[in-house]
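One-letter residues, chain by chain:
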Amino acid sequence: MKLELRGITKTFGALVANDHIDLTVQPGEIHCLLGENGAGKSTLMNILYGLYRADSGEILLDDVVQHFSGPGDAARAGIGMVHQHFMLIPVFTVAENVMLGHEESKFGFLDLPAARARVREISARFGFDVDPDALIEDLPVGVQQRVEIIKALSREAKVLVFDEPTAVLTPQETDELMGIMKQLKDAGAAIVFITHKLREVREVADKITVIRLGKVVGEAKPTATNAELASLMVGRSIDLTIAKSKVKAKEPALVVEGLTIHNAQGHVVVNNVSFQVRAGEILAVAGVQGNGQTELTEALLGLQDRVMGTIDLDGKSIRHLPIHKVLAEGVGFIPEDRQEDALIAEFSIAENLMLDRADGEPFVRHGALQLAYRTKFATDKVKEFDVRAQGIDEVVGSLSGGNQQKVVLARELSRTLRLFVAAQPTRGLDVGSIEFVHERIVATRDAGVPVIVVSTELDEVLALADRIAVMYEGRIVGIVSGDTPRDVLGLMMAGELPAGTKLAA
Amino acid sequence: MSAELPATVPIAETATKLADPKFDLTGGEAPPEPPAPRAIVALREALNGSVVLTILAVFVALVVGAILIASTNTDVQTAAGYFLARPGDTLAAIWQSVAGAYIAIFRGGVYDFTASNFGTGIASILNSLGFATPLIAAGLGIAVGFRSGVFNIGGTGMILVAAACAGWVGFAVSLPPGIHMIVAVLAGLVGGGFWAFLVGFLKARTGAHEVIVTIMLNYIALYLIDYLLNSPVLRDPSSNAPVSPSEKPTAVFFHLLGPSYSLNFGFILVIGATIFCWWLLGRSSLGFKFRAVGENPRAARVAGIHLNRMYIYVMVISGVLVGFAGVYQVLGQITTGFDRGIDAGIGFTAITVALLGRSRPWGVFAAGILFGILQAGSYTMQADQGVNVNVLPVIQSVIVLFLAAPPLVRAIFRLPDPDRRRARAMSKKAVVAK
Ligand SMILES: Nc1ncnc2c1ncn2[C@@H]1O[C@H](COP(=O)(O)OP(=O)(O)OP(=O)(O)O)[C@@H](O)[C@H]1O
Ligand SMILES: [Mg+2]
C-alpha cells in the first residue's frame, strides 16, 4: 500500500512539532526518517497512527484520503506501528497483548487459542522464539520488541512504522530485525523506519528523508557518508570520534571483589566478579544485553538485595549502604531504563532535575523547596545540556526520547561526583547529542572521577573506554585495554577469550 | 490506548461498599482485589481531568438528580397519566418539582431569600460550612494519599477512633477552657494518626495492600467503639442506649459568629489544614517525595527516596487529617454525646470529595463546600418539597461515575478529545504498573 502524507502540521502550544511535512512511501520501500532528538519524527508517526490529530494536512493510503479518529481506525486501514516506548500491558500474556484492541471471540468468550495460534504462526514465519503464554513483564526488552512487531503484523498491516526499534536491541537482534524488515518489504509493505544509527540506515534504507525542527530539510541517498548524513541531521558537521587525552593512571578508587548476585528466583546473575576502576579512568562494561550488567550496576548503587562480595569506594565499603547513602557518597547513576527508573513522566523538567536531591541544600531548606533556586538551576541546565523543551515547567513525559535522556544526564552530572555509573548513556540519542554526552563523560573522567560505562554498543565502548571489561553469563570474561580490536571483543562477548589476548587488569 | 481504559468505578465502588462495616460482608461478594494497574491509571486520569470536565460532571449529576426528583414526584406522576391529553401539565409539574427541589437546596444550603432578614438568610451557608468542615478535612487526608499512590479507604475507622479519643478527653477530663479543647483535638489527631500508622506500618513491613488493611481496620474500629460504648469507658451511665456522655463545654469548639450560627472554630482549623496541605504537596520536600512515590515508585526508589518510610509518613498524615473529621464530629457537630454512627459516612464521602477536588488541596476545599451545601440543602428539600434526601447520594455517585469516565462526559458534550499530552506518560505507566 502506498502511503502519502501531505502538508502535515502539528503544534503543541507555541511549539511547531511538524511544519508542513510531505512524505511519500511506496509499497516495497523502506523509508528512513532521520532527524535529531525532538525533530518531530515520533509526532509525525503518532499522527499517522491516529494517536494525535494533525492541525492541518492529510494522510492518503493508495491515494485515498483517510480520517483517523484513533489508533483503531489506523490499524483497520492497515497501518501497524512499533512504538518507541512500548505499549504493552505487563500483566497480560503475549497472546493477550496481541489480541488486545481487536479481540476475537467465540460464543462470547475470548478466543485465546486463536490468538495463540496467530502468535505462533507469525513467530514461525519470521523465526522468532516467543512463547504466547509468557507474561510481558517476565520478558527481556528484545523479546518485548518482538511482541510489538507480532502485534503490528497480526493485523495484516500494509504500512509499518518502526519508531526507533533498535535502541534497545543487541547488534544481533538488530540484524535480525533488519532481516525481517527486508522480508516485509519484499512482501510489498511500505515501511517507515526511524533510527539514529547510521549504519542501520545505510544497510536497509531505500530512501532517506531528514527532518529538522519539524521541517523536511532534505533527502539523501543510502550511499551518503556518515558525515554527510550527520551534518544534514544536525545542521553542522559532527566529529564522530572524540578527542581523548591519555589516561593519567591513579589510585584505584572503586574496588569490587568477588561480587555475586542472585536474582529473586535464586539464580546467579553475577558470578564472582572482581575489578577495579581508577580515579580518572573509564572502564567500559561491554557485553550482550542480559549478561548481568544491569544487576551489576544496580548492585553498585545498593539497588540489589541478594549481593555477596565487597564494593569499596575510596577505601570505604558502600556495599551495605541504602541507596540514598550511596547517592550521598557521590555516586552518579544513569539507569538503563530512563522511563522507569530515572524519570517521573508527570513531573516537570525542573522537578526531575532535583529528584535525587530532595533532602537538603541547596534545593531544600528547613523542609521547604527552594523554588527560586530550582528555577535558576533548571534554566541553566536546560541551556547547558541543550534540552529542547518549551520551558522548565514542561512535563518530562512530553519531551522527545533523546531530550528525556539529557534531563537525566544533566541531573547526575551536576552533582559533585566520586563515582559515575552510566548504563546505556546514549540510548536513543541523536549523533549530535551522543557527541555531546561523550564529551561530558570524558570531561568527568578528566576531572578525576572513576567512570563505569555499561554499553551494548561496541562503537560507544570503543569511543570511551580506557579499559574494557566484557561480561558473559554473569562473569567477566576478561578485562582488556581500550584499543582491543572489535573481532576480539566480539569473541569475548560470546564467552570466548582468544588465546594470546593481552589482559589489562 | 491506555487513555481509554475502563473506569475504576466498579472496583472503587465495590471496595467502598466492602469497606463499609455496615455492609453485609457475608453477601457472597468476593473479597476485594487490590486495585489493578488499570485502576490506578484510570484514577490518575480522573485526578488529572480538566476543570471543565469536573464542572460538567457536577452538571450531569444535577441533571440526573433532576430526573430522579421529577420521576418520583406524585404531581408529575398524576399529570403523566393524562400526558397525551394535556402534555403541558406534565411539563409544568416536572418544572415545578425540579425547580422547587433545587431552589430548596439553594435556600437551605446557600442563602434563604424567604427569610425575614439577612441574618437569618445567611445562616444557610454558615450551616453548610459546618457540614463541609469534616468533609474537607477527611477529603484532604484521602487526597494526600491519592497523590502519593496510596488508596486510603479506611476513613471510617480513622474517624471513629479519632472521635472516640477526642470525645473521651472531652467528657472525661477536666481542664481549663481552651486548653481542654486543644488537648482533646490533639488526642483525636493522635488517635487517627495511630490508626493510619498501623496501615502504613503493615504495608511497609509486610507489603500488605493498604486497601485490604484499611477495610479490615474499619471493622475493627467499628466493633472496638461498639464495645467501648457498651462498657463504662465510653458509655453514659445515665442513658439506656450505647451513647457517650455530653462533651464538657470547655472542650467544645466555640462558635465564631455567636450562638445563633452553627459555624465554629473547627472551620478555621480546616482552613489551616488546607493551607498546610497546599504547602505540603506543593512546597515541601516531603510532599515532593510523596508525589514522586505516587507517580513512579521505581524512579523514586532509584532516586534514593525511602518508599517504606514514605508510605508510613503518608498514612500518618492522611490519618491525622481524616482524624480531624472525627474530632470535629464530636467537638463541633454532635457535642451531646456520640454513638457508633458518629462517622456519618464521611469516611466514604471524603473519597468522592477528594476525587472531585482532583486531589488538589483547594480543589478539595471547594468540593467539600459544594457537598456541604448539598447536604444542608437536602434537609430543606426534604422538609419543604418532600423529596427524599437519598437523592443526594445518587448525585454524589453520579459525580464520581462521570469523573472516572471523562470520555463519557466528552461524548455527552461533544468536547474534542484533547491531544493526549500524556499519551506517553500513560503508556509508560501501563508498563510500569507492575
Ligand atoms: N504530547 C506532547 N505535548 C507537548 N509537546 C510535545 C508532545 N509530544 C512531543 N512534543 C514535543 O514535540 C517535539 C517533537 O517530539 P518528537 O517526540 O516527535 O521528537 P522525535 O523526533 O521523535 O525525537 P527523538 O529522536 O528524541 O525520539 C519535541 O520538542 C517534544 O518536546
Ligand atoms: Mg521519537
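Residues numbered from 1 in each chain as written. Chains lettered and ligands numbered in written order. Predicted model: local features only at pLDDT ≥ 70, side-chain atom pairs only at ≥ 80, totals over all residues. Heavy atoms only, no water.

Peer 1: Would you mind going over the sheet that holds strand S2 (residues 15-25) of chain A with me for this structure?
Peer 2: Hydrogen bonds between backbone groups are what pair the strands of a sheet, and the pairing can be parallel or antiparallel. All names here are of chain A. Pairing in this open sheet of four strands is antiparallel, and the strands run S2-S1-S4-S5 from one edge to the other. Single-partner strands in this sheet number two, and they are S2 and strand S5 (64-66). With direction set aside, neighbouring strand axes in the sheet form an average angle of 30 degrees. Examined bridge by bridge, strand S4 (residues 56-61) and S5 share three bridges and lie antiparallel to one another. Paired with Ile59 across the strands is Gln66, a residue of S5. (Pairing = 2+ DSSP bridges. Helix = DSSP H or I, 4+ residues; strand = E, 2+ residues; numbered from the N terminus. Axes fitted to C-alpha atoms, helices over the stretch in contact; angles between N-to-C directions.)

Peer 1: Quick question: what am I supposed to make of the sheet that holds strand S15 (residues 282-286) of chain A here?
Peer 2: All names here are of chain A. Spatial ordering of the open sheet is given by S18-S21-S22-S15-S23-S24, a layout of six strands whose pairing is mixed. Edge positions in the sheet fall to strand S18 (331-334) and strand S24 (475-481), since each of these pairs with one other strand and no more. On average, each strand axis in the sheet is tilted by 15 degrees relative to the strand beside it, whichever way the strands run. Summarising the sheet, strand S23 (residues 467-472) and S24 pair through six bridges and their orientation is antiparallel. Each bridged residue has a counterpart across the sheet, and for Met471 the counterpart in S24 is Ile476. Packing against the sheet, helix H14 (residues 401-413) makes contact with S18 and strand S21 (419-423), and its axis sits at approximately 175 degrees to S18. (Contact = heavy atoms within 4.5 Å.)

Peer 1: Got a minute to help me understand the confidence of the model for chain A in this structure?
Peer 2: Detailed conclusions should not be drawn from predicted coordinates in areas where pLDDT is low. For chain A, per-residue confidence averages 88 on the pLDDT scale, and 98% of positions sit at 70 or higher. Least confident of the elements in chain A is strand S7 (residues 105-106) of chain A, whose mean pLDDT is 64; most confident is helix H12 (residues 349-353) of chain A, at 97. (pLDDT = per-residue confidence, 0-100.)

Peer 1: Honestly, the nonpolar core in this entry has me stumped. Any pointers?
Peer 2: Counting residues in hydrophobic clusters, the biggest one holds 153 residues, and the most contacted among them are Phe420 of chain A together with Phe253 of chain B. The element that contributes the greatest number of residues to this core is helix H14 (residues 307-333) of chain B, accounting for 14 residues. One finds Ala152, Leu160, Leu169 and Ile208 of chain A within the second-largest nonpolar core, a separate group that totals 52 residues. (Core = buried A, V, L, I, M, F, W, Y, C linked by side-chain atoms within 4.5 Å. Buried < 20%, exposed > 50% of the residue type's maximum accessible area, 1.4 Å probe, protein only.)

Peer 1: What should I look at first to understand the pattern of salt bridges in this one?
Peer 2: Side chains that differ in charge, positive against negative, can pair when their charged atoms come close. Residues and elements named next belong to chain A. Under the criterion given, the structure shown has 41 salt bridges over all chains. In this structure, the salt-bridge partner of Arg418 is Glu329, at a minimum N-O distance of 3.0 Å. Taken together, the residues Arg418 in the loop between H14 and S21 and Glu329 in the loop between helix H10 (323-328) and S18 connect sequence positions 89 residues apart. Judged by its relative accessible area of 33%, Arg418 falls in the partly exposed class. Linking Asp380 and Lys376 is a salt bridge whose minimum nitrogen-to-oxygen distance equals 3.3 Å. Pair noted here: Asp380 and Lys376 are both in helix H13 (residues 371-384), with a separation of four residues, about one helical turn. Owing to a relative accessible area of 53%, Lys376 belongs among the exposed residues under this scheme. Counted as one network, the salt bridges with shared partners bring together Lys2, Glu4, Arg6, Glu58 and Asp63. (Salt bridge = Lys/Arg side-chain N within 4 Å of Asp/Glu carboxyl O.)

Peer 1: Hey, could you run me through the packing of helix H9 (residues 179-206) of chain B against H14 of chain B in this one?
Peer 2: The relative placement of two packed helices comes down to the angle between their axes together with the axis-to-axis distance. Residue and element names in this part refer to chain B. Relative orientation of the contacting elements H9 and H14 amounts to 145 degrees, with a least axis distance of 6 Å. Crossing handedness for the pair H9 and H14: right-handed. Across the contact of H9 with H14, the residue classes break down as 16 nonpolar, seven polar and one charged. (Left-handed = near helix turned anticlockwise from the far one by under 90°. Nonpolar A, V, L, I, M, F, W, Y, C, P; charged D, E, K, R; others polar.)

Peer 1: Quick question: what am I supposed to make of the packing of aromatic side chains here?
Peer 2: The geometry of an aromatic ring pair is captured by two quantities: the separation of the ring centres and the angle between the planes. Counted under the stated rule, the structure contains 17 aromatic pairs over all chains. Taking the centre distance of 5.4 Å and the plane angle of 75 degrees together, the rings of Phe12 of chain A and Tyr52 of chain A count as edge-to-face. Here the residue Phe12 of chain A occupies a position in strand S1 (residues 3-12), and Tyr52 of chain A occupies one in the loop between helix H1 (41-48) and S4, the gap between them amounting to 40 residues. Between Phe146 of chain B and Phe151 of chain B the ring centres are 5.9 Å apart and the planes differ by 75 degrees, which places this aromatic pair in the edge-to-face class. (Phe/Tyr/Trp six-rings, centres within 6.5 Å; stacked < 30°, edge-to-face > 60°.)

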